[in-house]
Amino acid sequence: MTREAGGRFEYFWQKERHMRIKKLPIDTGPAAWTDLLQPKRMAPALETDMTADWVIVGAGFAGLTAAHRLSELAPEARVIVLEATGIGQGPAGRNSGFMIDLPHDLASEDYGGSVVRDQLQTKDNRMAISYAKEMVARFSLDREAFDPCGKTNAAATEKGHAHNVSYAAHLDAMGEPYQMLDAADMRDLTGGGYYIGGLYTPGTVILQPGTYIRGIAAGMMSNRVQVFENSPVVALEKEGGAWVVTTPQGKVRAGGVILAVNGHLESFGYKRGRLMHVFTYASMTRELTPEEVERIGGQPSWGVTPADPLGTTVRKIAGTGGHRIVIRNRFTFDQSLEVNEARLADVARDHRKSFDARFPMISGTEMEYVWGGRLCLSYNDVQVVQKLDDGLFSACVQNGLGTVKGTLAGKLAADMALGEKSDALTRAMSAPEPSRLPPKPIAALGAKIRLRWGEYKAGAEF
Ligand SMILES: Cc1cc2nc3c(=O)[nH]c(=O)nc-3n(C[C@H](O)[C@H](O)[C@H](O)COP(=O)(O)OP(=O)(O)OC[C@H]3O[C@@H](n4cnc5c(N)ncnc54)[C@H](O)[C@@H]3O)c2cc1C
């Protein structure tokens, strides 16, 4: 009996070890970062029956890191990665690209939690970032893909500044370096006069998420590691000691499987009633003209996270696709794992307001892309890096910091699968189960009210 057993459904699944995956990922709106890149497709779909030592389901941060780690620890092993959509089309190519080393609890007022827990989390996050850095060096990805430039929590109001001061006190207690920025510093960085201050910390890496994810996938492909796009796993079953992983047009028979599907772990029958599916949203402008860039001023490329966790993240980019601005805000609670186009139209109005307030010198600039994407949180802020069954492992539930936690989960799940030991793995394996959520309607209503109220309270940080 595995540790997550409990629900009748999970009992049935373990007994029969046969699962049809009814819910496949649906991504709403384009993955802008990836859309800026060529070629549009980078791998074939699985169209035949194959055998492998390992199958990884999902080609996001967790899945690609797991594949890389397996091939590093067991160079002779045959590894197959199956991705339901395109590489960089899912959440891994839809995020704002902040790979943050420090605590980043979205449910906290200032991102912080208990000092000892946050010190350990920071240690693990840094291990993940340094592993990402090794992959970046190995595959010769450039600074646009992976920029170790640190990050600034920007404050637009006195209340935002107070969040930064409180977070700075937390960093003092953790023994972490930081620098407080004033309004002039923020003007030098961002050009406009919207921000009254900021808190800079040096350990964050800022990604171009599409370039990073596709670069890692492309670098790893060989005759030992194969990646298939547009290959959703629709069934998973144990047959004569092996796992059989089925896609619409093919099958892979493998000794072991790592599920790296974040919240879609539930679609495989695990952790039902314990995972919170939250969407967040972003818009990217069309390419700005040199004259518009001049009017904005500030540095050519920069990124700020909001001092209030429910505020607005902003990036100014200047690489592939030219100069553009990216705005991210709004969180919605959608246990169906789907959002529709009407929701995008609604959040686009908020993005417009947040953009125009920050960039009055180019207000009304057309947004070329608007999109949403999934996060998966647990109520008690734990990940699911677990052995689910013989030869079946999970690298899921990354909470609010999926670029880092996904990388961490992927590496640790591969270590677990191959019997590699570390303190970080021991910590991950001793994490409690994600707590059970209240009944669905209550959970949904509670989360929606809390998120909307939090966004309202964020005021000009939104
Ligand atoms: C707008 C936005 C901004 C964000 N900003 C940040 C940020 O700045 N920093 C940060 O750390 N995080 C951010 N995130 C969150 C981050 O993108 C995710 O948490 C992260 O991608 C999770 O990584 P993962 O590998 O676990 O899962 P994913 O990236 O979701 O990858 C899982 C993959 O599994 C695939 N899959 C699911 N089911 C199946 C199946 N049946 N068969 C095959 N494949 C399947 C999916 O298609 C998906 O590609 C943001 C998210 C969004 C939407």
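Heads up: these notes are all about the structure in this document. Since the structure is predicted, the reported quantities are computational estimates derived from the model, not experimental observations.

## Focus on the nonpolar core
- Core analysis: the biggest nonpolar cluster contains 60 residues, and I56, L64, M99, F146, Y212, I216 and I258 have the highest contact counts within it.
- Here the element with the most residues in this core is helix 10 (residues 402-417); it accounts for eight residues.
- With near-sequence residues (within four places) excluded, I56 lies in contact with G63, A66, A67, L70, V79, I80, V81, L82, I258 and A260.
- With 29 residues, the next largest nonpolar core counts V252, Y270, L392 and V397 among its residues.

## Observations concerning the site of the ligand
- As a matter of local geometry, the ligand sits amid 34 residues, with F61, E83, F98, Q398 and T403 nearest to it.
- Interatomic distance of 2.6 Å between a side-chain N/O atom of E83 and an oxygen atom of the ligand.
- When the ligand is considered free in solution it has 990 Å² of accessible area, and contact with the protein chains removes 97% of it.
- Examining the composition of the shell around the ligand, we find that three residues originate from one element, strand 18 (residues 367-378), more than from any other.

## Quick notes on the state of the cysteines
- If you walk through the whole model with that rule in mind, you get zero disulfides.
- Free cysteine: C376, not disulfide-bonded; nearest cysteine sulfur from C396 at 7.9 Å.

## Details of the pattern of salt bridges
- Under the definition given, this model contains 24 salt bridges.
- Across the pair E229 and R41 runs a salt bridge whose closest N-O atoms are separated by 3.9 Å. Placement of E229 in the loop between strand 10 (225-228) and strand 11 (235-239) and of R41 in the loop between helix 2 (32-35) and strand 2 (49-57) is noted, with a sequence separation of 188 residues between them.
- Among the salt bridges present, the one from K353 reaches D350, with a minimum N-O distance of 4.0 Å. Taken together, the residues K353 and D350, both in helix 9 (residues 341-358) and three residues apart, mark about one turn of the helix.
- Looking at D350, the relative accessible area reads 10%, which means it is buried.

## Digging into the sheet that holds strand 8 (residues 197-201)
- If you walk across this open sheet you meet the eight strands as 7-8-6-15-16-17-14-18, and the pairing is mixed. The open sheet has two edge strands, strand 7 (179-182) and strand 18, and neither has a second partner. Between one strand axis and the next, the sheet turns through 25° on average, direction left out of account.
- Strand direction decides the pairing type here: strand 16 (residues 313-319) and strand 17 (residues 322-333), joined by seven bridges, are antiparallel. Bridging from a neighbouring strand, K316 pairs with I325 of strand 17.

## So, the packing of helix 3 (residues 61-73) against helix 7 (residues 209-220)
- Look at helix 3 against helix 7: their axes get within 10 Å of each other, and the N-to-C directions meet at 25°. When the interaxial angle is binned, helix 3 and helix 7 end up roughly parallel. In terms of crossing hand, the pair formed by helix 3 and helix 7 is left-handed. Between helix 3, through F61, L64, A67 and H68, and helix 7, the contact on the second element is made entirely by Y212, I213, I216, A217 and M220.
- Here the contact of helix 3 with helix 7 is built from residues that sort into eight nonpolar, one polar and no charged.

## Here's the deal with the layout of surface pockets
- In this structure, the second largest pocket occupies an estimated 430 Å³ of space.
- Residue lining of the second largest pocket: 22 residues in total, with D147, C149, S301, W302 and G303 positioned closest to the centre.
- Elements that contribute at least two residues to the lining of the second largest pocket include exactly strand 6 (151-155), strand 15 (302-306) and strand 16.
- Of all the elements, strand 16 adds the most residues to the lining of the second largest pocket, at five residues.
- A breakdown of the residues in the lining of the second largest pocket according to their chemical character gives nine nonpolar, seven polar and six charged.

## Some words on empty space enclosed by the protein
- Evaluation of the coordinates by the stated rule reveals four cavities of 30 Å³ or more.
- Looking at the second largest cavity, its volume works out to about 60 Å³.
- Around the second largest cavity sit T190, G192, Y194, Y195, W302, R358, F359 and M361, which together line it.

What counts, and at which threshold
- Residues numbered from 1 in each chain as written.
- Predicted model: local features only at pLDDT ≥ 70, side-chain atom pairs only at ≥ 80, totals over all residues.
- Heavy atoms only, no water.
- Core = buried A, V, L, I, M, F, W, Y, C linked by side-chain atoms within 4.5 Å.
- Buried < 20%, exposed > 50% of the residue type's maximum accessible area, 1.4 Å probe, protein only.
- Helix = DSSP H or I, 4+ residues; strand = E, 2+ residues; numbered from the N terminus.
- Contact = heavy atoms within 4.5 Å.
- Near = heavy atom within 4 Å.
- Polar contact = N/O pair within 3.5 Å; in protein donor to acceptor, adjacent residues only side chain to side chain.
- Areas by Shrake-Rupley, 256 points an atom, 1.4 Å probe, with all protein chains shown as cover.
- Disulfide = S-S within 2.5 Å.
- Salt bridge = Lys/Arg side-chain N within 4 Å of Asp/Glu carboxyl O.
- Pairing = 2+ DSSP bridges.
- Axes fitted to C-alpha atoms, helices over the stretch in contact; angles between N-to-C directions.
- Parallel < 35°, antiparallel > 145°, perpendicular 65-115°, else oblique.
- Left-handed = near helix turned anticlockwise from the far one by under 90°.
- Nonpolar A, V, L, I, M, F, W, Y, C, P; charged D, E, K, R; others polar.
- 1 Å grid on protein atoms, 1.4 Å probe; cavity = no way out; pocket = protein on both sides within 12 Å on 5 of 7 lines; lining within 4 Å.
- Points joined across faces, edges and corners; volume = space filled by probe spheres on them.

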